[in-house]
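Reading the structure
If you want the building blocks of each chain, they are given just below.
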Amino acid sequence: MPVFKRDSFDRLMGLQGRETFYTRVSKEVSRKPETSWSILYLRLVNLGAYNVRHGAAAAEKMLKFVASSLTEWLSKSMLCRLETGSFLGATPSGEIEAAIDAINRRLPESSESDGLVLKVGYCALRRGASVQEAARRARYAYEDIRFSGSVYTRSFDQGLEASYMRRLYVVNHLDDAIEHGEIRAYAQPIVRVLTGLICEVEILARWESERYGFLRPDEFVPELERHRLIHRLDAEVVRLACKQWSEAHGRGINVPFGINLSRLDFELIDMFEVVTHYMDVYGVPKEQVHIEITESALAQSNDLLLTGIQRFRDAGFKLYLDDFGSGYSSLRVLEGTSFDVVKLDMSLLREVEVNERARVIVSDAVSMVKRLNLQTLCEGVETEEQYQFLKAVGCEKAQGYYFSRPMSHEDIMAHLVETAHLHETSEDQRYYDSLGKINLMDGTRSSVHGVEAAHFMSTQPFALIEVLGQSIGILSANVAFSRFVESSDAHSIDGLVDRMSSDLADLRNKLLYATSKARATHRSQLIDFVMGGNFCTFGVSHIESSEGRNAYLLELISVTRYSKFNDFKLLEDSLRFLYTIFKRIDLLDATDNTWRNLYLNVPRYTGLKTSPEATPQNEVDAFCETFIHPDDRASFLAFYDLSTAEDRLRKSSTTYLADTFFALSDNDRYEDQLFMLIPMSMDGHRQYLSCMRDLDVAALARQHVSGSSRIADDVLLTGILDVTERLVFWKDEHLRFLGANERFLDYYGFSGIKEILGKTDEDLGWTRNAHFVTDERRVMRGERVLDVVGYTVRKGEARDIMVSKMPLWLEGRVVGLVGFLVDVGPHKEDA
Ligand code: C2E
Ligand code: CA
Ligand code: CA
């Protein structure tokens, strides 16, 4: 960023340029050979930020002040200006630190809080050494304290010598290193946060030098950039990366890779040519390569860089914005150039575990990037906690030591071979890239297949679920959803998953039904469910399908605390018991032509085709073939013919269709089973509940022991009459005794049934209770009389009794009555 025009400043200050300075200083030094000179590299740091904060005029004032202070100290002839805010100087005095201190003290107080400070690196000029070389070392000493908050002066000493020499070495030996194969392309795996699968690698340069051993990019990349040699390194890294990819490809491994390009690569050579050349040579398709450009490169962007990037873009390469959030220009960077992936700088993640603000920043950065329709990748993941956090905020990809360090080609190959089942296929990539667009913080999604973004409150609980066949899993959930689940009776996400995989769970069946419907109709579906004492409404919408699996957004829409929860629970529990009298319940949708199993009690019936595409017809055919006795198959298929069901229902006297068929049962025998089709309609859809159960025992007896069914009933009746405490009798339509149980005969002391058979009360001399006769006449007209009090004489003793009587019907006519009598104690005279 240009602070202000250098020319006008220089004219004003009258400072000389670098070359004049070198000549003058050399002359001065040789004039006074006994003096020990120091060459200084001086810099007023943070001038750029100061300029932004206080304006160009204030910044210029500061710079002028420092320049005139330096002139005062060193004299004009021993000072020169470099780029804005930095100077070279020479001094024969040893009081460098004191002089710098004095200047800094005279800067206005406010400048300290702005970080505006003069720093110096200096180097003693050895006899016979060149001033230029001493100036380079002075600058190197300055670089060492550049970012230090409290150290303002640094002398180039023994401690710096080694690393300085290494840097020189790097610059002077790059070509040799390339020739001798010392440059290596290491690779670091990047994983999909949702699944933990490896989705790509980043290529990182390493230098295995003969002289210095293993060098990391920090030790050579900046130096190569400074000497405008970086493109040679990068070209070599690109060549190695393509070569390694093709080797891996030859072994059946196709993992995309990213390369780091420097801003200077675009200025120094035609990097696009280089990259596409090596890709041609090694046969690398462009979907397998992406380009990383750092945020700082863009901050100082120029046309060459922008057009260079655009060329990669136009050719269909994916572009990654590296180190996002490491500098202050970042937000504007997103506005201009179009990237595909934003890599969040690891400095953002460092604080996440301890600092609430950092959590806000990262989660909002992820949301923002998603709203821009870009993917998010977080660098520098080192702990499980950080990984979990990224999961919760919906960051898509992650990279860091927690998963793996950068590895040599040999090591990464071994790793990839070993973990081959843990890589994404290209189909996985498409599927998860699409899911990645869901913003878990607020449920919005950047358009997926043109489906418009859904907007919900930011606190709304959301989860991304996946249905594969009949099993349901949770891919990710936002913090609000996890909290909700923890406060419910499911207790944890795992608890909820358990519930969803239990056959008996109502939630599971409801979800399976709603998800398939949401997918078929492309519309959100609502489901209600009682959870932890709350009446909850969830919305389900389909996001993406891939190879039989389907992903859905599950959103909690409302929660009502239901005070009569116990009633609900009771109802649910009782319904569950009701289910169990069925072996199998299915829902057939005649409108959608879909079928879904809702309940299954007999494991053998699960062997049926359960593909999500199953139609009622497929299912019925398959069931028929496997389980129905050949003799019954034709009629079974006719029964399940939904096209005639409507018609059959109209003709039927019942509100459902029912029939029995001979079917293979649990014990591998054919047994009669009852099948029912109960019509329902929902949302204008014609649906049938299909239920299957054993025939009940009595009906079974009637069917299979035909002719002796009476005996079965008699046996049953005798049994009942034997065990009841009551005295039971029954009479014909003329109120004559037809029978009584043992207890009745005992009570009155009859020796056998013959004593009463065919007799009326009158015949037996029981005339004391006149109202009994009227009651019995009413019963004969079809009424019931219950608990009527009267009294009787039993073995000479008067006793109070209570009698209930009911009509006995045969073919629509009352043919008799049955009476129940209870002795309530000795007779009390009416008051
Ligand atoms: P970068 O592109 O941001 O690469 C990520 C750096 O973070 C790598 O450092 C990597 O080793 C390191 N890293 C990965 N995971 C973790 C973690 O969990 N914790 C910590 N503390 N660090 C982690 P490396 O390999 O030293 O590279 C440093 C930088 O050098 C790179 O930063 C990149 O800007 C540059 N660079 C690397 N290779 C090349 C190259 O071939 N060409 C160019 N132009 N630059 C390169
Ligand atoms: Ca990078
Ligand atoms: Ca980075």
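Criteria and thresholds
Residues numbered from 1 in each chain as written. Chains lettered and ligands numbered in written order. Predicted model: local features only at pLDDT ≥ 70, side-chain atom pairs only at ≥ 80, totals over all residues. Heavy atoms only, no water. 1 Å grid on protein atoms, 1.4 Å probe; cavity = no way out; pocket = protein on both sides within 12 Å on 5 of 7 lines; lining within 4 Å. Points joined across faces, edges and corners; volume = space filled by probe spheres on them. Helix = DSSP H or I, 4+ residues; strand = E, 2+ residues; numbered from the N terminus. Nonpolar A, V, L, I, M, F, W, Y, C, P; charged D, E, K, R; others polar. Buried < 20%, exposed > 50% of the residue type's maximum accessible area, 1.4 Å probe, protein only. Contact = heavy atoms within 4.5 Å. Donors = N, O, S within 2.8 Å, 3.2 Å for Na, K, Ca; no water. Pairing = 2+ DSSP bridges. Axes fitted to C-alpha atoms, helices over the stretch in contact; angles between N-to-C directions. pLDDT = per-residue confidence, 0-100. Polar contact = N/O pair within 3.5 Å; in protein donor to acceptor, adjacent residues only side chain to side chain. Phe/Tyr/Trp six-rings, centres within 6.5 Å; stacked < 30°, edge-to-face > 60°. Lys NZ or Arg CZ within 6 Å of the ring centre and 35° of its normal. Near = heavy atom within 4 Å. Areas by Shrake-Rupley, 256 points an atom, 1.4 Å probe, with all protein chains shown as cover. Salt bridge = Lys/Arg side-chain N within 4 Å of Asp/Glu carboxyl O.

Here we take up empty space enclosed by the protein. By the definition in use, this model includes six cavities of 30 Å³ or more. By volume, the largest cavity amounts to about 220 Å³. Lining the largest cavity are 19 residues, and of these Tyr748, Asp761, Trp766, Asn769 and Phe772 sit closest to its centre. Elements with a minimum of two residues in the lining of the largest cavity: β25 (727–732), α30 (742–748), α31 (770–780), β27 (785–794) and β28 (797–810). Grouping the constituent residues of the lining of the largest cavity by class yields eleven nonpolar, three polar and five charged.

If you trace the backbone, isoleucine 474 turns up in strand β16 (residues 471–477). Residue isoleucine 474 is classed as buried on the basis of its relative accessible area, which comes to 18%. Put simply, isoleucine 474 and alanine 463 are eleven residues apart on the chain and 7.0 Å apart in space, counted from C-alpha to C-alpha. Not counting residues within four places of it along the chain, the set of residues in contact with isoleucine 474 comprises Ala463, Leu464, Ile465, Ile493, Leu496, Val497 and Met500.

Another point: the coordination of the calcium ion (ligand 3). Taken together, Asp322 (OD), Asp323 (OD), Glu379 (OE) and Glu379 (OE) make up the protein donors of the calcium ion (ligand 3), found 2.1 to 2.4 Å from the metal. Donor residues for the calcium ion (ligand 3) sit on one chain with the sequence pattern D-D-x55-E. The metal-metal distance between the calcium ion (ligand 3) and the calcium ion (ligand 2) comes to 4.2 Å, with aspartate 322 coordinating both. Here aspartate 323, found in strand β11 (residues 318–324), pairs with glutamate 379, found in the loop between β13 (375–378) and α18 (384–393); they are 56 residues apart in sequence, far enough to count as distant. For aspartate 323, a relative accessible area of 22% puts it in the partly exposed group. By relative accessible area, which is 7% here, glutamate 379 ends up buried.

Read from one edge of the open sheet, five strands run β26-β25-β29-β28-β27, paired in antiparallel fashion. Looking along the sheet, the strands with just one partner apiece sit at the ends: β26 (737–740) and β27. The mean angle between the axes of side-by-side strands here comes to 30 degrees, regardless of whether they run parallel or antiparallel. As defined by bridge partners, β25 adjoins strand β29 (residues 813–826) across six bridges and the pair is classed as antiparallel.

Those protein atoms acting as donors to the calcium ion (ligand 2) are Glu202 (OE), Asn260 (OD1), Glu292 (OE) and Asp322 (OD), and they sit at 2.1 to 2.3 Å. As a motif over one chain, the donors of the calcium ion (ligand 2) read E-x57-N-x31-E-x29-D. For asparagine 260, a relative accessible area of 26% gives the class partly exposed.

So, on to unusual backbone geometry. In the Ramachandran plot, serine 75 falls in the positive-phi region, its phi being about 75 degrees despite a non-glycine side chain. Looking at where serine 75 falls in the secondary structure, it is placed in the loop between α4 (56–74) and β2 (79–81). Notably, asparagine 373 is not glycine yet its phi reads approximately 70 degrees, a positive angle. Relative to the helices and strands, asparagine 373 resides in the loop between α17 (356–371) and β13.

Scored by pLDDT, the protein has a mean of 84; 88% of the residues are at 70 or more. In the model of the protein, helix α28 (residues 697–704) stands out as the element of lowest mean pLDDT, 49, in contrast to strand β9 (residues 257–261), which has the highest, 98. Note on residues 446–458: pLDDT is under 50 here. Beyond four places in sequence and across chains, it has 22 contacts. Confidence drops under a pLDDT of 50 for residues 701–712, and excluding neighbours within four residues, the segment shows five contacts in the predicted structure.

Quick look at the side chain of threonine 515 now. Tracing the chain through its elements places threonine 515 in helix α23 (residues 506–521). Side-chain polar atoms of threonine 515 contact the backbone oxygen of leucine 511, separated by 2.7 Å. Apart from residues lying up to four places away in sequence, threonine 515 is in contact with Ile465, Val467, Val540 and Tyr552.

Centre-to-centre distance and the angle between the planes together describe a pair of aromatic rings. Per the counting criterion, the structure on display carries 38 aromatic pairs. Pairing phenylalanine 737 with phenylalanine 744 gives two aromatic rings, centres 5.9 Å apart and planes at 45 degrees, and the pair type is tilted. Since its relative accessible area comes to 2%, phenylalanine 737 is described here as buried. A relative accessible area of 1% places phenylalanine 744 in the buried class. Feature note: the residues Phe623, Phe627, Phe636, Phe639, Tyr640, Phe661 and Phe675 constitute an aromatic cluster, connected by ring pairs. The ring of tyrosine 401 has arginine 405 sitting right over it, with the charged end atom 3.8 Å from the ring centre.

If you walk across this open sheet you meet the five strands as β2-β3-β1-β4-β5, and the pairing is mixed. Single-partner strands in this sheet number two, and they are β2 and β5 (153–155). Across this sheet, the average inter-strand angle for adjacent strands is 20 degrees, counted without regard to direction. As paired elements, strand β4 (residues 117–124) and β5 share three bridges and run parallel to each other. Counted as the bridge partner of glycine 121 is arginine 154 from β5. Each of β1 (38–45), β3 (86–91), β4 and β5 is contacted by helix α5 (residues 96–106), which is oriented at about 165 degrees to β4, the strand it contacts most.

This part covers the site of ligand 1. Taken together, 23 residues lie around ligand 1, and Arg206, Arg216, Asp234, Glu382 and Tyr401 are the ones closest in. Glutamine 188 is positioned with one of its side-chain polar atoms (N or O) 3.0 Å from a nitrogen atom of ligand 1. Within the complex, 87% of the 800 Å² of free accessible area of ligand 1 lies under protein. Only β7 (198–209), α10 (230–250), β11 and α16 (346–350) provide two or more residues apiece to the shell around ligand 1. A total of four residues in the shell around ligand 1 trace back to one element, the largest contributor, which is β7.

This brings us to the pattern of salt bridges. Think of it this way: side chains of opposite charge can pair up when their charged atoms draw near. Within this structure, the stated rule accounts for 50 salt bridges. In this structure, glutamate 273 and arginine 311 form a salt bridge, with 3.9 Å as the shortest nitrogen-oxygen distance. On the criterion of sequence distance, the pair formed by glutamate 273 in helix α12 (residues 271–282) and arginine 311 in helix α14 (residues 303–314) is long-range, its members being 38 residues apart. Since its relative accessible area comes to 36%, arginine 311 is described here as partly exposed. Ionic pairing is found between arginine 778 and aspartate 775, a salt bridge with its closest N-O pair at 3.5 Å.

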